[in-house]
Amino acid sequence: MSPFLLKKLRPHTRLLKAGNAPAYRGGKAVNPPVVRASTVLFESVEELDAMRAHRNDERLFTYGARGNPTAFALEDVVSDIEGGFRTRLFPTGLAAIAMVFTTYLKPGDHVLIADCVYQPVRHFAETFMKKFGIEVTFFCADGSDIVEKARPETRMLYVECPGSLVYELCDMRALATLAAANNWLLVADNTWGSGLQYQPLALGADVSVIAATKYLSGHSDVMMGTVTTNEKAWRPLAEMSDACGMTVSPDDAYLVLRGIRTLAARLALHEQHALKIAQWLLGRAEVARVFCPALPDHPGHAIWQRDCQGTNGLVSFEFSRADRSAAARFVNQLTLFGIGASWGGYESLATISDLKSARTVTDWSEAGTIVRLHIGMEDPEDLIEDLAQAFAVVG
Ligand SMILES: *Cc1c(COP(=O)(O)O)cnc(C)c1O
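Definitions and limits used
- Residues numbered from 1 in each chain as written.
- Predicted model: local features only at pLDDT ≥ 70, side-chain atom pairs only at ≥ 80, totals over all residues.
- Heavy atoms only, no water.
- Near = heavy atom within 4 Å.
- Polar contact = N/O pair within 3.5 Å; in protein donor to acceptor, adjacent residues only side chain to side chain.
- Areas by Shrake-Rupley, 256 points an atom, 1.4 Å probe, with all protein chains shown as cover.
- 1 Å grid on protein atoms, 1.4 Å probe; cavity = no way out; pocket = protein on both sides within 12 Å on 5 of 7 lines; lining within 4 Å.
- Sits in = over half its atoms within 2 Å of the grid points.
- Nonpolar A, V, L, I, M, F, W, Y, C, P; charged D, E, K, R; others polar.
- Pairing = 2+ DSSP bridges.
- Helix = DSSP H or I, 4+ residues; strand = E, 2+ residues; numbered from the N terminus.
- Axes fitted to C-alpha atoms, helices over the stretch in contact; angles between N-to-C directions.
- Contact = heavy atoms within 4.5 Å.
- Domains from an automatic or database assignment.
- Buried area = accessible area lost by both parts, 1.4 Å probe.
- Salt bridge = Lys/Arg side-chain N within 4 Å of Asp/Glu carboxyl O.
- Patch = residues over 30% accessible without salt bridge, like charges linked within 9 Å, V, L, I, M, F, W, Y side chains within 5 Å.
- Buried < 20%, exposed > 50% of the residue type's maximum accessible area, 1.4 Å probe, protein only.

## Topic: the site of the ligand
Okay, so step 1: In the region of the ligand, 14 residues are neighbours, and Gly93, Leu94, Asp189, Thr213 and Lys214 sit closest.
Okay, so step 2: At 2.8 Å, a backbone N or O of Gly93 approaches an oxygen atom of the ligand.
Okay, so step 3: In isolation the ligand offers 380 Å² of accessible surface; the protein chains occlude 92% of this area.
Okay, so step 4: When atoms are counted within 2 Å of each cavity's grid points, the one that captures over half of the ligand is the largest pocket.
Okay, so step 5: In terms of residue class, the shell around the ligand is built from six nonpolar, five polar and three charged.

Below you can see the structure in the form of structure tokens.
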């Protein structure tokens, strides 16, 4: 509003109208700023109508529930590193996964899900999908039993590579060929690779999901999920997200946008430190097995070497002693490792995993207790000293 018009108004009205379009000259901020909005204003009814007519095809800022410019900026970064057509953002990684299942599956359909998936995916399958008449079959994480488990109603192959907890790998390119031949949608959870260490879309997947809560944000202070698709799979996702009113706050988008700028540097440190810790663990009598796909004796190492650009901060190990209480005492004894869910922040974490309940196709009944470490950016020598003193106390 012009200063001339403003001056003619009373104080209560001026309070609302002043400062709505500040005039200034200068450059622009490095990182796209937070743009907070629910209502978005237009010059005329005709302009609003025109925007609404095109907003399913073009990315238009028309209402806060359909995204905001800060979120759009983050979507573009994720689309770029994932090598996809476009990206949508969701309030959590799990919400992103749930939206993928509800977008592409309907009652009567059958979905094949990898045995190594993030555990809450099983919960979603048992609750939501069962209730809505979607049949689920879990398959071996390496994909070897997919053909025998497929049905005429199969519509989707849902994989996680490398898998949660012990990092099983599958041959994404081979699965993509199989999926294309059968007209199945191939969906991959790419949280482990986070766009830099692994790119499922480049290997033929149709949809890639990342829990941005982990490495993309990198600071353990924000929740978010991303779904990136190829061009063919885009429209159904965009329509279902809009139908459900899915969006993220610009403040959260800003935090992830800020975090993602240092993703390469952080991952390089996580990898370097994790490899050091993994090597050290291999030499310990208390450790039966170390799980990290970058280690030559990992079952998926050859695929990792061919398809991945590196590893991350995740290293799991199996205690030689079977009792869970020894592993619990070990974790409790650590002073530099936090005890808590999630990973991907700058800090080291330790949790105990129960593979006997996290896997239903592969038999882990003989395995000892698994401790999952997330190796952070602390000096790895300090972490090694901490691990050593905890082993010494447990005995
Ligand atoms: C953490 C995680 C998720 C879920 O992300 P949230 O943001 O915690 O909901 C999904 N997949 C994998 C592999 C994860 O590690």
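That covers the picture; the talk isn't over yet.
## Brief notes about the sheet that holds strand β10 (residues 349-353)
Working definition: the strands of a sheet are paired by backbone hydrogen bonds and lie parallel or antiparallel to each other.
Okay, so step 1: Strands sit in the order β8-β9-β11-β10 across an open sheet of four strands; the sheet is antiparallel. Every interior strand has two partners, whereas the edge strands, β8 (287-291) and β10, have only one. The mean inter-strand angle of the sheet, taken between neighbouring strand axes irrespective of direction, is 25°.
Okay, so step 2: Packed onto the sheet, helix α13 (residues 324-333) meets β9 (314-319), β10 and β11 (370-374) and runs at close to 170° relative to β10.

## Brief notes about the domain arrangement of the protein chain
Okay, so step 1: Considered domain by domain, the protein chain is made up of domain 1 (64-260) and domain 2 (263-394).
Okay, so step 2: The straight-line distance from the C-alpha centre of domain 1 to that of domain 2 is 25 Å.
Okay, so step 3: When the buried surface of domain 1 facing domain 2 is broken down by residue, Tyr167, Gln197 and Tyr215 rank first, second and third, together holding 25% of it.
Okay, so step 4: Taken together, the links from domain 1 to domain 2 amount to two salt bridges.
Okay, so step 5: When the shortest N-O distance is used, the salt bridge between Glu168 and Arg359 registers 2.8 Å.
Okay, so step 6: Taken together, the links from domain 1 to domain 2 amount to 22 residue pairs in polar contact (both at pLDDT 80 or more).
Okay, so step 7: Looking at the side of domain 1 that touches domain 2, its residues break down into 18 nonpolar, twelve polar and seven charged.

## Brief notes about a nonpolar patch on the surface
Okay, so step 1: Side chains of Met1, Phe4 and Leu5 sit close together on the surface and give an oily, nonpolar patch of about 360 Å² of accessible area.
Okay, so step 2: Position of Leu5 among the secondary structure elements: in helix α1 (residues 3-7).
Okay, so step 3: By relative accessible area, Leu5 is classed as partly exposed at 45%.

## Considerations on the pattern of salt bridges
Okay, so step 1: In this structure the tally under the stated criterion is 19 salt bridges.
Okay, so step 2: Asp109 is the partner of Lys106 in a salt bridge, and the nearest nitrogen-oxygen pair spans 3.2 Å.
Okay, so step 3: By relative accessible area, Asp109 is classed as buried at 4%.
Okay, so step 4: Salt-bridge contacts for Asp307 lead to Arg306; the nearest nitrogen and oxygen are separated by 2.8 Å.
Okay, so step 5: Accessibility expressed as a relative area gives 6% for Asp307, which makes it buried.
Okay, so step 6: Bridged by salt links that share partners, the residues Asp57, Arg235 and Glu239 form one connected network.

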